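Observations on the three-dimensional arrangement
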Amino acid sequence: MLSSDIQSVAGIFRQSAERFGDLPAFATRLRGGRWQPLSFRDLYERGRALAVGLMELGLRKGDAVGIISDNRVEWILAEAGIQLCGGVSTPRGTDVTDADLAYMLEHAEIQVCLVESPRELERVDSLADQLPRLKHVVLLSGEVDGVLSLAELELNGRERLAERESELEERLASMTSDDLFTLIYTSGTTGKPKGVMLTHSNMLSQIRNVPLELTCTDRVLSILPIWHVFERMFEMYTLSRGVCSYYTSARTLGQDLLDVEPTFMGSAPRLWESLHDRILEGVRQAHPMRRLLFKMARFLARRHHASMAFLRSEIPQKPRGPRICIWTRKGVHLVRVSLLLPFYGFFNASVLEAVRQKAGGSLKATISGGGALPSHIDEFFTTLGIQVLEGYGLTETSPVLAVRVSGKRVRGTVGPVIPNTECRIVDMESNRVVWPDPEHPEQGCDQRGEIQVRGPQVMKGYRRDPELTHTVLSEDGWFRTGDLGCVTWNGCLKILGRAKSTIVLSNGENVEPEPIEARLTQCLHIDRVYLCGQDRRHLTALVVPDLQVFRSDQPDIHSLSDLAEDEQARRLILKEIKHVQAQSGDPRFARVQAISLLSSPFTVGEELTNLQKMKRHVIEKKYAEQIRLLYQSSAEVPS
Amino acid sequence: MNFGDTVILHAVDQALLAVMIVVIMFGMGAGLTLADFRAVFRRRRLVAIGFVSQFGFMPLLAFGLAHVLSLEPYLAIALILIGTLPGGSTSNMFTYFARGNVALSISMTTASTLAALVMIPLLLNLYTPYFVKQIGVELENGPEFVIPTANILVSLLLVLVPVAAGMILRHRSRGWAKAAEDTAGFMAMIVILFLISTTMIRHHALVAATPPSVFLAAITLGLFGFGFGYHASYFLGAPPMDQRAISLETGIQNGPVAFAILLLTFPDAAVVNPMLWMTILYSTFIVCSSSIVTLCLRKRGQFDAEVAKNTVVHRRLFGPDYTTRYPDGFLPARIRKDPAQGAFKDG
């Protein structure tokens, strides 16, 4: 528990050093399956030395410090140094584009920038003429002549620590919770990056309010980009609880899951999709007996969980009908649970446990954020017995607004809003608050509208952009998320898509593309799918086919561009799409009428954000010609 | 109690039971490797504790119960037979659920199954003479009743044949062995549930006629076994995870072996019926009681299991000499001296 007198993130570093001392706080992979721990005490002591080192460079309280790096232990050391001398960390990953990088360093008025490796150093150097304010660049790893390294910075600081200690203490004592903790530049989905200003109280409120219960015995695998706000919050949380974070990467994830046996993970939906695919592929390659056992296990588990969800009122739709019917249904579910229990128990211990071992085996739960978790993935892991708690939040809200908690694990929702946070649903057209309705507290459920929130985690504003701040943040503290949603009968928030991504067809019908896209991505032959149709008569889709699947049938296909020309492949996929849409009962206007296959995959930084979300405006622009042709050709096809 | 002409197990039941025994023992073998045998010696101290509970305490307890409750001789002999049985693969599954040390459970099962070849005949000859004499008195002029030691030994060896076959499969193909293990467990469960429910329904008159002392004996044997295993291992210094494994291993006996011995060595219906009845009662109650005990142990064991796991992972990743130092007061007294905490190596 965080003690109540802590005013800044720096206090967390200190308190944890006192409380958890020699326990490992962070660990990084060495060679041969060995890992290097960094204890809470060392983190704090080295952070203090770095803080003095930064002060020696002339860093004042409240100055922004850039960190251009991916996940590594030096990152958290740098963060400790910056926080312990009252600086404002301004992080970005190494995949940032040159334009964004230059914009961010200049906009945040950064004088000291820490970079991961000589490669990033070169990039910053090449932008030097656009960055008149930048005075010092520090290398986190590697060595370049004449450039200060993190180790040297620490050494310098350690030498001067005794001398400047009182100054350091004074600085920390003068910090208030309203001071800035970090500046996060999000490329967002439109235009220039926005500098989100988060304060210490934003971060501290998250640590206090996020409904997680981790302790010293937990192990967390860190996979999300470290500069992303969810990962930052989560690291601060684990730090405050004495949990050890193990840095992993997409490349080593499979092995690290087995080595570290994490008990908890913060992650994005894409990770679960790939894990899901990998598990199913493993099952597909097993011999028939094992496949059969797995099928039986899933069959039983699915029914067990469905009944349990009904009995616990953890279903998204309120059961209808007279009370007697509902109680009868409860009775039937109760009987089903008790009849299946011995068999489910057995399969859970033998078959499902073997599958769970592939995900480390110790996972108690995981949190998924940064995008909607497709419902079939959600269901898959629930039946396996791995709780994937879906959460919801934005960089602007530091980030967590809602998360599924025990007792409210309603699939398809992001759970109830976290404590000390207010939420309302506002109708987009009438601007009327549809939920909560003060006069009719029972009503307003399932009414859709924009989600607006107010709470201690809402940002201070966008840096040097009061106008933009004003459009999203009202005078009385309500923040407009720009997401469409509703609140279910059992008090869980359900996200229905971006308010802005809604496709309005020329006939006035509105289509939310995300849920349809998520469903279509399940098709065997589809890797990615993008729906278009704004102001058109019908929906069409751009499809990135799944090359692996096609190649396993036709080895002569070598690349996506081969496939893009393949009329047969196009027909096959369109047929699949039509089948899926017909099965899921999409209304006629929301059905895809024509598709076009893309000759190259979507890439992060280009069509995709770091969290693998599609940047709709980029795709719309990049493939404008292809979309135009698609409509030209499909106009001849009677719909 | 009088069994009259009741046929406890019909030919169909017997066939089912025989198939189940073969399948279960095969599945058990399919889960075993030679490494498990070697592990027995590595954990000899804990395995020895388990051995003493299983072959020292349990038969004695069965004998004591039979005396105190003045069971009829055949029922008493069956109870003692159950008391001398080795552990089975069921206990491994329950240990997993109870967050116990599954590896230890497997080691104990392995060791006790082998030891049973010697221990069962030995213990039967030690504890049953009193009851055998009683039968002799009752029969007076009838044929003399003796415990057929040689036959029991043969049936034990027969039971080990599918175990060996399972081990061979495991040696050849890991994937198939795992499938066999799971299928066996699943089939066994269906057959056990089926047999219990049908016999209970078919013989409800017998259930009503069974004196309470017999029920008491069938229930207490398992329950006392759990209790003794749990506390005795605690006093002998076993850490909580191992305590849970030893407790379940002691209480849960390998029921199928009892059925195999009974069906293979006692052809006389008058003799075998009461014995089968005792075994069925024990099996029925042990399913319920071990489920409840497992749930309790599971709840109690969550924290311990997490602490132990964390230590294991730390040592694996940070080197065997790494010691995890928790803040003062974080670890409760019961596990502060636990070897799994880093005080000494996995014993």
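Throughout this description, residue numbers start from 1 for each chain and increase along the sequence as written. All chains are assigned letters beginning at A, and all ligands numbers beginning at 1, according to the order in which they are written. For this predicted model, a pLDDT threshold of at least 70 governs which residues receive local features, and a threshold of 80 or more governs which side-chain atom pairs are given and counted, while totals over whole chains, interfaces and linings are taken from all residues. For side-chain calculations, the full set of non-hydrogen atoms in the structure is used, while hydrogens and water are omitted.

Notes on the nonpolar core
One recurring pattern in soluble globular proteins is that nonpolar side chains are buried together. Joining through side-chain atoms within 4.5 Å is the link that ties buried Ala, Val, Leu, Ile, Met, Phe, Trp, Tyr and Cys residues into a set, and such a set is a nonpolar core. Throughout this description, buried means an accessible area under 20% of the type-specific maximum (1.4 Å probe, protein chains only), exposed means over 50%, and partly exposed covers the range between. Membership of the largest hydrophobic core comes to 79 residues, with the highest contact counts inside it found for Leu71, Ile120, Phe145, Leu221 and Met278 of chain B. The element that contributes the greatest number of residues to this core is helix H14 (residues 269-318) of chain B, accounting for 12 residues. In this analysis, two residues are considered to be in contact whenever any of their non-hydrogen atoms come within 4.5 Å of each other. Each residue touching Leu71 of chain B, except ones within four places of it in the same chain, is listed here: Ala66, Ala76, Leu79, Phe131, Ser213, Val214 and Ala217 of chain B. If you look at the next biggest cluster of nonpolar residues, it comprises 75 residues, including Val400 and Val403 of chain A together with Val307 and Ile335 of chain B. In this description a helix means any DSSP run of H or I spanning at least four residues, a strand means any run of E spanning at least two, and both kinds are numbered starting from the N terminus.

Focus: the sheet that holds strand S18 (residues 449-454) of chain A
All names here are of chain A. In short, DSSP must find at least two bridges between two strands for them to pair. Strand order in the open sheet made by the five strands is S17-S16-S18-S20-S21, with antiparallel pairing throughout. Looking at strand neighbours, the two that pair on one side only are strand S17 (433-435) and strand S21 (493-498), the edges of this open sheet. Neighbour to neighbour, the strand axes of the sheet diverge by 50° on average, direction disregarded. In this structure, S18 lies alongside strand S20 (residues 479-487), joined through four bridges in antiparallel fashion. Opposite Gly449, over in S20, you have Gly485 as the bridge partner. Orientation is described by lines fitted to C-alpha atoms, with helices fitted over the stretch in contact, and by angles between N-to-C directions that extend from 0 to 180 degrees.

Things to note about helix H3 (residues 73-84) of chain A
Residues and elements named next belong to chain A. For a helix, the expected span equals 1.5 Å multiplied by the residue count minus one. For H3, built from 12 residues, the straight-helix expectation of 16 Å at 1.5 Å per residue is met to within 8% by its first-to-last C-alpha distance of 17 Å. In terms of residue burial, H3 counts as a mostly covered element, since 12 of its 12 residues are buried. Val73, Glu74, Trp75, Ile76, Leu77, Ala78, Glu79, Ala80, Gly81, Ile82, Gln83 and Leu84 are the residues of H3 that are buried. Phi for Gly86, located one or two positions after H3, is positive at around 80°.

Focus: the pairing of S21 of chain A
All names here are of chain A. Alignment of S20 against S21, held across five bridges, turns out to be antiparallel. Paired with Asp483 across the bridge in S21 is Arg498. Here S20 hands over to S21 after five residues, with Gly491 in that stretch at a positive phi of 80°.

Thoughts on the pairing of S18 of chain A
All names here are of chain A. Most of S18 is tucked away: five of the six residues are buried. Where strand S16 (residues 422-426) meets S18, five bridges bridge the pair, whose relative direction is antiparallel. Residue pairing across strands places Val426 opposite Glu450, the latter belonging to S18.

Some points on helix H10 (residues 269-285) of chain A
With 17 residues, H10 of chain A should cover 24 Å at 1.5 Å per step; its first-to-last C-alpha distance of 24 Å lies within 8% of that length. Every buried residue of H10 of chain A is listed here: Pro269, Leu271, Trp272, Glu273, Leu275, His276, Ile279 and Val283 of chain A.

Notes on the packing of helix H1 (residues 11-30) of chain B against helix H8 (residues 149-172) of chain B
Residue and element names in this part refer to chain B. One can describe the packing of H1 onto H8 by two numbers: an axis separation of 6 Å at closest approach and a directional angle of 40°. Classified by the angle their axes make, H1 and H8 are oblique. Judged by the twist between their axes, the crossing of H1 over H8 is right-handed. On H8, the residues that touch Val22, Met25, Phe26, Gly29 and Ala30 of H1 are Val159, Pro162, Val163, Ala165, Gly166, Met167, Leu169 and Arg170. Residues of the contact of H1 with H8, tallied by class, amount to 10 nonpolar, two polar and one charged. Roughly parallel means an angle under 35 degrees; roughly antiparallel, over 145; roughly perpendicular, 65 to 115; everything else is oblique. For any helix crossing, the convention is left-handed if the near helix is rotated counterclockwise from the far helix by under a right angle, and right-handed if that rotation is clockwise. Each residue is assigned to one of three groups, with Ala, Val, Leu, Ile, Met, Phe, Trp, Tyr, Cys and Pro labelled nonpolar, Asp, Glu, Lys and Arg labelled charged, and all others, Gly among them, labelled polar.

So, the sheet that holds strand S12 (residues 264-267) of chain A
Residue and element names in this part refer to chain A. An order of S2-S1-S11-S10-S12-S13-S14-S15 is seen for the eight strands of this open sheet, with the pairing classed as mixed. The open sheet has two edge strands with one neighbour each: strand S2 (35-39) and strand S15 (400-403). Taken pair by pair, the neighbouring strands of this sheet meet at an average axis angle of 25°, ignoring direction. Relative to strand S11 (residues 244-247), strand S1 (residues 24-29) runs parallel, the two being bridged by two bridges. In the sheet register, Ala27 faces S11, and the bridge partner there is Tyr246. Sitting on the sheet, H3 touches S1, S2 and S11, and the angle it makes with S1 is about 145°.

Re the packing of aromatic side chains
Residue and element names in this part refer to chain B. Side-chain rings of Phe, Tyr and Trp, where Trp is taken by its six-membered ring, are said to pair if the distance between their centres is within 6.5 Å; with planes under 30 degrees apart they count as stacked, over 60 as edge-to-face, and otherwise as tilted. Applying the stated criterion across every chain, the model contains 24 aromatic pairs over all chains. Between Phe318 and Tyr322, the aromatic rings sit 4.9 Å apart at their centres with planes inclined by 70°, giving edge-to-face as the arrangement. In this structure, Phe318 and Tyr322 share a single accessibility class: buried. Pairing Tyr326 with Phe330 gives two aromatic rings, centres 5.1 Å apart and planes at 25°, and the pair type is stacked. Classification of Tyr326 by relative accessible area gives buried; the value is 11%.

Some thoughts on the domain arrangement of chain A
All names here are of chain A. Just so you know, the domain bounds were taken from an automatic or database domain assignment. What the domain assignment lists for chain A is domain 1 (9-175 + 210-261), domain 2 (270-498) and domain 3 (503-635). Tallying the contact residues gives nine residues for domain 2 and nine residues for domain 3. Summed over both partners, the accessible surface that disappears when two parts come together, traced with a 1.4 Å probe, is what is meant by buried area. Among the residues domain 2 hides against domain 3, the three largest losses belong to Arg270, Gly370 and His376. Together they make up 54% of the total. Salt bridge, as used here, is a side-chain nitrogen of Lys or Arg placed within 4 Å of a carboxyl oxygen of Asp or Glu. Counting across the interface, domain 2 meets domain 3 through zero salt bridges. Any N or O atom pair separated by 3.5 Å or less is treated as a polar contact, with the protein-specific requirement of one donor-capable and one acceptor-capable atom, and with residues adjacent in sequence counted only for side-chain atom pairs. Taken together, domain 2 and domain 3 are joined by one residue pair in polar contact (both at pLDDT 80 or more). In terms of residues, the side of domain 2 that touches domain 3 owes the most to one element, S21, which gives three residues. Among the residues making up the side of domain 2 that touches domain 3, the classes are represented as two nonpolar, four polar and three charged.

Details of the environment of Leu134 of chain A
Residues and elements named next belong to chain A. Position of Leu134 among the secondary structure elements: in the loop between helix H5 (118-126) and strand S6 (136-139). For the pair Leu134 and Gly385, spaced 251 residues apart in sequence, the C-alpha to C-alpha distance is 51 Å. Residue contacts for Leu134: discarding those within four places in its chain leaves Ile110, Gln111, Val112, Cys113 and Val124.

A few points about the interface of chain A and chain B
The interface is formed by 38 residues belonging to chain A together with 31 residues belonging to chain B. Between chain A and chain B lies a buried interface of about 3000 Å² when both sides are counted; carbon and sulfur atoms form 68% of it. If you sort the residues of chain A by the area they bury against chain B, Thr217, Phe343 and Phe346 of chain A come out on top, with a joint share of 20%. When the shortest N-O distance is used, the salt bridge between Arg290 of chain A and Asp182 of chain B registers 3.1 Å. Connecting chain A to chain B are 13 residue pairs in polar contact (both at pLDDT 80 or more). Of all the secondary structure elements, the ones that give two or more residues to the side of chain A that touches chain B are helix H1 (9-20), S1, S2, helix H9 (253-260), helix H11 (288-311) and helix H12 (323-357) of chain A. Residues belonging to the side of chain A that touches chain B are distributed by class as follows: 20 nonpolar, eight polar and 10 charged.

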